[in-house]
Amino acid sequence: AQKVTQAQTEISVVEKEDVTLDCVYETRDTTYYLFWYKQPPSGELVFLIRRNSFDEQNEISGRYSWNFQKSTSSFNFTITASQVVDSAVYFCALKVSGTYKYIFGTGTRLKVLA
Amino acid sequence: DTAVSQTPKYLVTQMGNDKSIKCEQNLGHDTMYWYKQDSKKFLKIMFSYNNKELIINETVPNRFSPKSPDKAHLNLHINSLELGDSAVYFCASSPEGQGFFIGAFFGQGTRLTVV
(Lines give C-alpha, C1' and ligand atoms only; values in the text may rest on other atoms or scores of the structure.)
Protein backbone atom coordinates (compact mmCIF):
# COMPACT_ATOMS: atom_id res chain seq x y z
CA ALA A 1 0.00 0.00 0.00
CA GLN A 2 1.11 3.53 -0.62
CA LYS A 3 1.05 6.24 1.98
CA VAL A 4 2.29 9.77 2.56
CA THR A 5 2.88 11.13 6.05
CA GLN A 6 3.24 14.78 6.93
CA ALA A 7 3.73 14.66 10.67
CA GLN A 8 3.77 18.43 11.14
CA THR A 9 0.19 19.62 11.33
CA GLU A 10 1.00 23.28 11.77
CA ILE A 11 4.18 25.34 11.89
CA SER A 12 4.53 29.00 12.83
CA VAL A 13 7.63 31.01 12.03
CA VAL A 14 8.57 34.64 12.01
CA GLU A 15 9.28 36.27 8.68
CA LYS A 16 12.81 35.68 7.34
CA GLU A 17 13.23 32.46 9.27
CA ASP A 18 14.00 29.26 7.37
CA VAL A 19 11.49 26.44 7.69
CA THR A 20 11.49 22.79 6.61
CA LEU A 21 8.35 20.82 5.92
CA ASP A 22 8.74 17.07 6.30
CA CYS A 23 7.30 14.39 4.05
CA VAL A 24 7.75 10.64 4.44
CA TYR A 25 6.31 8.26 1.89
CA GLU A 26 5.73 4.51 1.64
CA THR A 27 5.66 2.41 -1.49
CA ARG A 28 7.10 -0.89 -2.64
CA ASP A 29 7.17 0.21 -6.24
CA THR A 30 10.47 1.24 -7.80
CA THR A 31 9.11 3.84 -10.21
CA TYR A 32 7.14 6.63 -8.64
CA TYR A 33 6.82 10.38 -8.50
CA LEU A 34 6.73 12.78 -5.59
CA PHE A 35 5.13 16.20 -5.58
CA TRP A 36 4.62 19.26 -3.47
CA TYR A 37 1.53 21.43 -3.80
CA LYS A 38 0.71 24.74 -2.13
CA GLN A 39 -2.81 25.68 -1.08
CA PRO A 40 -2.94 29.38 -0.18
CA PRO A 41 -5.89 30.88 1.74
CA SER A 42 -7.66 31.50 -1.57
CA GLY A 43 -8.06 27.73 -1.85
CA GLU A 44 -6.55 26.68 -5.16
CA LEU A 45 -3.93 23.92 -5.35
CA VAL A 46 -0.69 25.12 -6.90
CA PHE A 47 1.83 22.66 -8.30
CA LEU A 48 5.34 23.36 -6.98
CA ILE A 49 7.59 20.48 -7.95
CA ARG A 50 7.76 16.92 -9.22
CA ARG A 51 10.56 14.45 -8.55
CA ASN A 52 10.85 10.94 -10.00
CA SER A 53 12.24 8.02 -8.05
CA PHE A 54 15.39 7.77 -10.15
CA ASP A 55 16.47 11.33 -9.61
CA GLU A 56 17.74 12.02 -6.11
CA GLN A 57 19.32 15.32 -6.95
CA ASN A 58 18.25 18.11 -4.70
CA GLU A 59 16.54 21.02 -6.36
CA ILE A 60 16.55 24.71 -5.66
CA SER A 61 14.14 27.25 -7.06
CA GLY A 62 14.62 30.70 -5.63
CA ARG A 63 13.88 30.49 -1.90
CA TYR A 64 12.50 26.97 -2.24
CA SER A 65 14.58 23.81 -2.07
CA TRP A 66 13.74 20.15 -1.94
CA ASN A 67 15.71 17.26 -0.45
CA PHE A 68 14.85 13.79 -1.74
CA GLN A 69 16.38 10.85 0.11
CA LYS A 70 15.34 7.35 -0.92
CA SER A 71 17.27 5.83 1.98
CA THR A 72 14.86 7.45 4.42
CA SER A 73 11.85 7.65 2.05
CA SER A 74 11.70 11.37 2.59
CA PHE A 75 11.05 14.35 0.35
CA ASN A 76 11.44 17.44 2.48
CA PHE A 77 10.74 21.00 1.47
CA THR A 78 12.66 24.01 2.79
CA ILE A 79 11.69 27.63 2.46
CA THR A 80 14.57 30.01 3.05
CA ALA A 81 13.92 33.50 4.41
CA SER A 82 10.19 32.88 4.68
CA GLN A 83 7.70 35.59 3.78
CA VAL A 84 4.13 36.24 4.83
CA VAL A 85 3.00 35.23 1.34
CA ASP A 86 4.35 31.74 2.02
CA SER A 87 1.54 31.22 4.53
CA ALA A 88 -0.48 28.30 3.16
CA VAL A 89 -1.18 24.62 3.55
CA TYR A 90 1.47 22.53 1.83
CA PHE A 91 0.76 19.03 0.59
CA CYS A 92 3.18 16.29 -0.33
CA ALA A 93 1.87 13.69 -2.78
CA LEU A 94 2.95 10.35 -4.23
CA LYS A 95 2.04 8.76 -7.53
CA VAL A 96 3.19 5.33 -8.61
CA SER A 97 3.98 4.98 -12.30
CA GLY A 98 1.18 3.35 -14.24
CA THR A 99 -1.49 4.21 -11.71
CA TYR A 100 -4.10 6.91 -11.97
CA LYS A 101 -4.07 8.14 -8.42
CA TYR A 102 -2.23 10.84 -6.52
CA ILE A 103 -1.98 10.04 -2.82
CA PHE A 104 -1.78 13.10 -0.65
CA GLY A 105 -0.45 13.63 2.83
CA THR A 106 -2.63 15.39 5.36
CA GLY A 107 -0.90 18.71 4.74
CA THR A 108 1.15 21.09 6.87
CA ARG A 109 -0.25 24.52 7.61
CA LEU A 110 2.53 27.09 7.56
CA LYS A 111 1.95 30.44 9.22
CA VAL A 112 4.55 33.11 8.60
CA LEU A 113 4.18 36.00 11.01
CA ALA A 114 5.29 39.51 10.15
CA ASP B 1 -6.46 31.22 -20.17
CA THR B 2 -7.34 28.94 -17.26
CA ALA B 3 -5.86 25.47 -17.67
CA VAL B 4 -8.40 23.54 -15.56
CA SER B 5 -11.63 25.36 -14.89
CA GLN B 6 -14.55 24.31 -12.71
CA THR B 7 -17.99 25.79 -12.44
CA PRO B 8 -19.50 26.87 -10.21
CA LYS B 9 -16.95 28.02 -7.65
CA TYR B 10 -19.55 28.05 -4.87
CA LEU B 11 -22.68 25.95 -4.58
CA VAL B 12 -25.17 26.15 -1.73
CA THR B 13 -28.11 23.78 -1.90
CA GLN B 14 -30.64 21.98 0.23
CA MET B 15 -30.54 18.37 1.31
CA GLY B 16 -32.12 16.06 -1.20
CA ASN B 17 -31.40 18.21 -4.24
CA ASP B 18 -29.45 17.09 -7.30
CA LYS B 19 -26.54 19.21 -8.51
CA SER B 20 -23.74 19.13 -11.06
CA ILE B 21 -20.22 20.49 -11.15
CA LYS B 22 -18.55 21.00 -14.50
CA CYS B 23 -14.86 20.69 -15.30
CA GLU B 24 -12.95 21.50 -18.45
CA GLN B 25 -9.23 21.40 -19.21
CA ASN B 26 -7.45 22.96 -22.18
CA LEU B 27 -4.08 21.29 -21.60
CA GLY B 28 -4.63 18.38 -23.96
CA HIS B 29 -4.25 15.89 -21.11
CA ASP B 30 -5.68 12.39 -21.39
CA THR B 31 -6.50 11.84 -17.72
CA MET B 32 -8.88 13.70 -15.44
CA TYR B 33 -9.77 13.33 -11.78
CA TRP B 34 -12.19 14.34 -9.09
CA TYR B 35 -10.88 14.83 -5.58
CA LYS B 36 -12.79 15.68 -2.41
CA GLN B 37 -11.26 17.88 0.29
CA ASP B 38 -13.01 17.63 3.63
CA SER B 39 -13.14 20.17 6.44
CA LYS B 40 -9.81 18.93 7.79
CA LYS B 41 -8.19 19.62 4.42
CA PHE B 42 -7.72 15.93 3.67
CA LEU B 43 -7.61 15.30 -0.10
CA LYS B 44 -9.06 12.01 -1.25
CA ILE B 45 -9.48 10.74 -4.77
CA MET B 46 -13.00 9.98 -5.92
CA PHE B 47 -12.66 9.14 -9.61
CA SER B 48 -10.10 9.07 -12.36
CA TYR B 49 -10.76 8.86 -16.08
CA ASN B 50 -8.34 8.11 -18.85
CA ASN B 51 -9.39 8.83 -22.44
CA LYS B 52 -13.02 9.10 -21.28
CA GLU B 53 -12.96 5.71 -19.57
CA LEU B 54 -13.45 5.26 -15.83
CA ILE B 55 -10.27 3.91 -14.26
CA ILE B 56 -10.76 4.49 -10.55
CA ASN B 57 -13.94 4.66 -8.50
CA GLU B 58 -12.72 4.96 -4.96
CA THR B 59 -15.69 3.59 -2.99
CA VAL B 60 -17.78 6.62 -3.70
CA PRO B 61 -21.55 6.36 -3.06
CA ASN B 62 -23.69 5.69 -6.12
CA ARG B 63 -25.23 9.12 -5.69
CA PHE B 64 -22.06 10.48 -7.30
CA SER B 65 -21.89 9.93 -11.04
CA PRO B 66 -19.06 11.29 -13.16
CA LYS B 67 -19.49 11.79 -16.88
CA SER B 68 -16.78 12.42 -19.44
CA PRO B 69 -18.32 13.46 -22.78
CA ASP B 70 -14.83 13.98 -24.24
CA LYS B 71 -11.23 14.03 -23.04
CA ALA B 72 -11.40 17.70 -22.14
CA HIS B 73 -14.42 17.46 -19.85
CA LEU B 74 -15.25 15.58 -16.67
CA ASN B 75 -18.47 16.54 -14.96
CA LEU B 76 -19.69 15.39 -11.57
CA HIS B 77 -23.37 14.88 -10.87
CA ILE B 78 -24.57 14.34 -7.33
CA ASN B 79 -28.05 13.03 -6.52
CA SER B 80 -29.96 13.37 -3.26
CA LEU B 81 -27.40 15.57 -1.60
CA GLU B 82 -26.64 14.95 2.06
CA LEU B 83 -25.11 17.16 4.73
CA GLY B 84 -21.95 15.05 4.67
CA ASP B 85 -21.38 15.91 1.02
CA SER B 86 -20.39 19.42 2.06
CA ALA B 87 -16.75 19.80 1.01
CA VAL B 88 -14.52 21.32 -1.61
CA TYR B 89 -14.40 19.30 -4.82
CA PHE B 90 -11.35 19.59 -7.04
CA CYS B 91 -11.07 18.59 -10.63
CA ALA B 92 -7.60 17.85 -12.02
CA SER B 93 -5.93 16.68 -15.19
CA SER B 94 -2.59 15.14 -16.08
CA PRO B 95 -0.85 13.66 -19.15
CA GLU B 96 -0.47 10.10 -17.94
CA GLY B 97 0.34 8.14 -21.04
CA GLN B 98 1.44 10.92 -23.26
CA GLY B 99 5.22 10.84 -22.91
CA PHE B 100 5.58 14.18 -21.19
CA PHE B 101 4.51 13.46 -17.66
CA ILE B 102 4.62 16.49 -15.41
CA GLY B 103 2.01 15.99 -12.73
CA ALA B 104 -1.57 16.86 -12.01
CA PHE B 105 -2.94 20.35 -12.42
CA PHE B 106 -5.96 21.27 -10.35
CA GLY B 107 -8.92 23.51 -10.89
CA GLN B 108 -9.75 26.23 -8.38
CA GLY B 109 -12.20 24.00 -6.53
CA THR B 110 -15.96 24.06 -5.97
CA ARG B 111 -17.09 24.67 -2.42
CA LEU B 112 -20.32 22.72 -1.94
CA THR B 113 -22.44 23.50 1.08
CA VAL B 114 -25.49 21.38 1.77
CA VAL B 115 -27.99 22.92 4.21
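Residues numbered from 1 in each chain as written. Chains lettered and ligands numbered in written order. Predicted model: local features only at pLDDT ≥ 70, side-chain atom pairs only at ≥ 80, totals over all residues. Heavy atoms only, no water.

This part covers the interface of chain B and chain A. Listed by partner, the interface residues are 23 residues for chain B and 19 residues for chain A. Around 1,800 Å² of area is buried between chain B and chain A when both sides are counted, 63% of it from carbon and sulfur atoms. Our enumeration of links across chain B and chain A arrives at two salt bridges. Between Glu58(B) and Lys101(A) there is a salt bridge whose closest N-O contact spans 3.0 Å. (Contact = heavy atoms within 4.5 Å. Buried area = accessible area lost by both parts, 1.4 Å probe. Salt bridge = Lys/Arg side-chain N within 4 Å of Asp/Glu carboxyl O.)

Moving on, we come to the sheet that holds strand 1 (residues 4–7) of chain B. All names here are of chain B. The antiparallel open sheet is built from four strands, whose spatial order is 1-3-8-7. Both edges of this open sheet fall to strand 1 and strand 7 (64–70), since each of them pairs with a single strand only. When the angles between neighbouring strand axes are averaged without regard to direction, this sheet yields 20°. Where strand 7 lies against strand 8 (residues 73–78), five bridges are found, and the strand directions are antiparallel. (Pairing = 2+ DSSP bridges. Helix = DSSP H or I, 4+ residues; strand = E, 2+ residues; numbered from the N terminus. Axes fitted to C-alpha atoms, helices over the stretch in contact; angles between N-to-C directions.)

Attention shifts here to unusual backbone geometry. Residue Pro8(B) is bonded to the preceding Thr7(B) through a cis peptide linkage, with omega at 0°. When you line up the elements, Pro8(B) lands in the loop between strand 1 and strand 2 (10–13). Of note in the backbone geometry, Lys16(A) takes a positive phi value of approximately 85° without being a glycine. The backbone of Thr59(B) shows a phi angle near 45°, a positive value even though the residue is not glycine. Within the secondary structure, Thr59(B) is located in the loop between strand 6 (53–57) and strand 7.

Applying the stated rule across the entire model yields two disulfides over all chains. Between the sulfur of Cys23(A) and that of Cys92(A) lies a disulfide, 1.9 Å long from S to S. The disulfide joining Cys23(A) to Cys92(A) has a torsion of about -65° about its S-S bond and is therefore left-handed. Residue Cys23(A) is located in the loop between strand 3 (19–21) and strand 4 (24–26), and its partner Cys92(A) is located in strand 10 (residues 88–96); the two are separated by 69 residues in the primary sequence. Cys23(A) gets classed as buried once you look at its relative accessible area, which sits at 0%. There is a disulfide in this structure between Cys23(B) and Cys91(B), and the S-S distance comes to 1.8 Å. Every disulfide takes its handedness from the sign of the S-S torsion; for Cys23(B) and Cys91(B) that torsion is -75°, giving left-handed. With Cys23(B) in strand 3 (residues 19–25) and Cys91(B) in strand 9 (residues 87–94), this pair connects stretches of sequence that are 68 residues apart. (Disulfide = S-S within 2.5 Å. Buried < 20%, exposed > 50% of the residue type's maximum accessible area, 1.4 Å probe, protein only.)

Fair warning: the whole summary comes from geometry, so function is off the table for now.
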